Amino acid sequence: MKIGKLIVLVSAIVTLVSTFLFSFSYGDPIDGRTHISGIGFLFNLPEIWGNPGYWIATFPAYTSEDTMLIYAFSILYLVFILSGVVQLVGLKSKYVAIIGSIIAIIFGIMMIIYSGNIAIGDLELMNRFSGLFFSAPIAPGVWPLDVPIVDMGGWLNSTLSLGTITLFIGGGLGMVGGILGIKDI
């Protein structure tokens, strides 16, 4: 097995663990929801698609005109949380591995922007809709695992967690593995 393929495999595993095991951020409770995680988003997805009015009523940043944007961002975020799966598919094509890694890195940047409550031009829109990831812990203290790294402050008093850092690591490793190539010699 070529080293690039091994690195892509490790990066996919790191990205999947980051997305589905760790919390990306922790913030002040909004309707009992405190963690931002990929698994929380998956648990929220039926509620998001079935009743976007709930999100409009719960989160003060949303208005009734945001219904279509809630649907659009939920599809975009679904692509983001599947970046580890895209990296796994990248074991067959280095370009797919690089695309999956870029998605993971962009998502990590988005979580930093959201955790710090940074509003930079058009990124304010993405920042607003990151609330779709908020969820109550599935197993408090265990899943999603929240390991605080940096206190980001902001209006949510949020803390950047280990999941965001490992997501960057998974994305970076995938880029390196994709660039090195995945073909066996």
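About the thresholds
Residues numbered from 1 in each chain as written. Predicted model: local features only at pLDDT ≥ 70, side-chain atom pairs only at ≥ 80, totals over all residues. Heavy atoms only, no water. Helix = DSSP H or I, 4+ residues; strand = E, 2+ residues; numbered from the N terminus. Expected span 1.5 Å × (residues − 1). Buried < 20%, exposed > 50% of the residue type's maximum accessible area, 1.4 Å probe, protein only. Arc of directions from axis to C-beta. Patch = residues over 30% accessible without salt bridge, like charges linked within 9 Å, V, L, I, M, F, W, Y side chains within 5 Å. Areas by Shrake-Rupley, 256 points an atom, 1.4 Å probe, with all protein chains shown as cover. Salt bridge = Lys/Arg side-chain N within 4 Å of Asp/Glu carboxyl O. Core = buried A, V, L, I, M, F, W, Y, C linked by side-chain atoms within 4.5 Å. Contact = heavy atoms within 4.5 Å. Axes fitted to C-alpha atoms, helices over the stretch in contact; angles between N-to-C directions. Parallel < 35°, antiparallel > 145°, perpendicular 65-115°, else oblique. Left-handed = near helix turned anticlockwise from the far one by under 90°. Nonpolar A, V, L, I, M, F, W, Y, C, P; charged D, E, K, R; others polar.

**Describing helix 4 (residues 67–81)**
Working step 1: An ideal rise of 1.5 Å per residue puts 21 Å on 15 residues; helix 4 measures up with 21 Å between its terminal C-alpha atoms.
Working step 2: For helix 4, the full list of buried residues reads I70, F73, S74, Y77, F80 and I81. Down the axis of helix 4, the smallest arc covering the buried residues is 115 degrees, so these residues share one side.

**Remarks on a nonpolar patch on the surface**
Working step 1: A surface patch of nonpolar side chains, about 630 Å² in accessible area, is lined by I13, V17, L21, L145, V147, I149, V150, I165 and I169.
Working step 2: Counting only elements with at least two residues in the nonpolar patch, the list comes to helix 1 (3–20), strand 4 (148–153) and helix 8 (162–180).

**Topic: the nonpolar core**
Working step 1: Core analysis: the largest hydrophobic core is formed by 23 residues, its most contacted members being F41, Y77, F107, L132 and F133.
Working step 2: Residue assignment for this core shows that the elements contributing at least two residues are helix 2 (38–50), helix 3 (52–58), helix 4 and helix 6 (94–115).
Working step 3: At 6 residues, helix 6 tops the list of elements feeding residues into this core.
Working step 4: With near-sequence residues (within four places) excluded, F41 lies in contact with I48, S74, Y77, L78, I81, L132 and F133.

**Quick look at the side chain of S37**
Working step 1: Counting through the fold element by element, S37 comes out in the loop between strand 2 (33–36) and helix 2.
Working step 2: Take S37: its relative accessible area is 0%, and that puts it in the buried class.
Working step 3: In contact with S37, other than residues within four places in its own chain, are T19, F22, S23, F24, F133, S135 and P144.

**Brief notes about the packing of helix 2 against helix 4**
Working step 1: Between helix 2 and helix 4, whose axes approach to 11 Å, the crossing angle comes to 150 degrees. On the basis of the axis angle, helix 2 is roughly antiparallel to helix 4. Along this stretch, helix 2 crosses helix 4, giving a crossing that reads as left-handed. Between helix 2, through G38, F41, L42, L45, I48 and W49, and helix 4, the contact on the second element is made entirely by I70, Y71, S74, I75, Y77, L78 and I81.
Working step 2: Of the residues contributing to the contact of helix 2 with helix 4, the split by class is 11 nonpolar, 2 polar and no charged.

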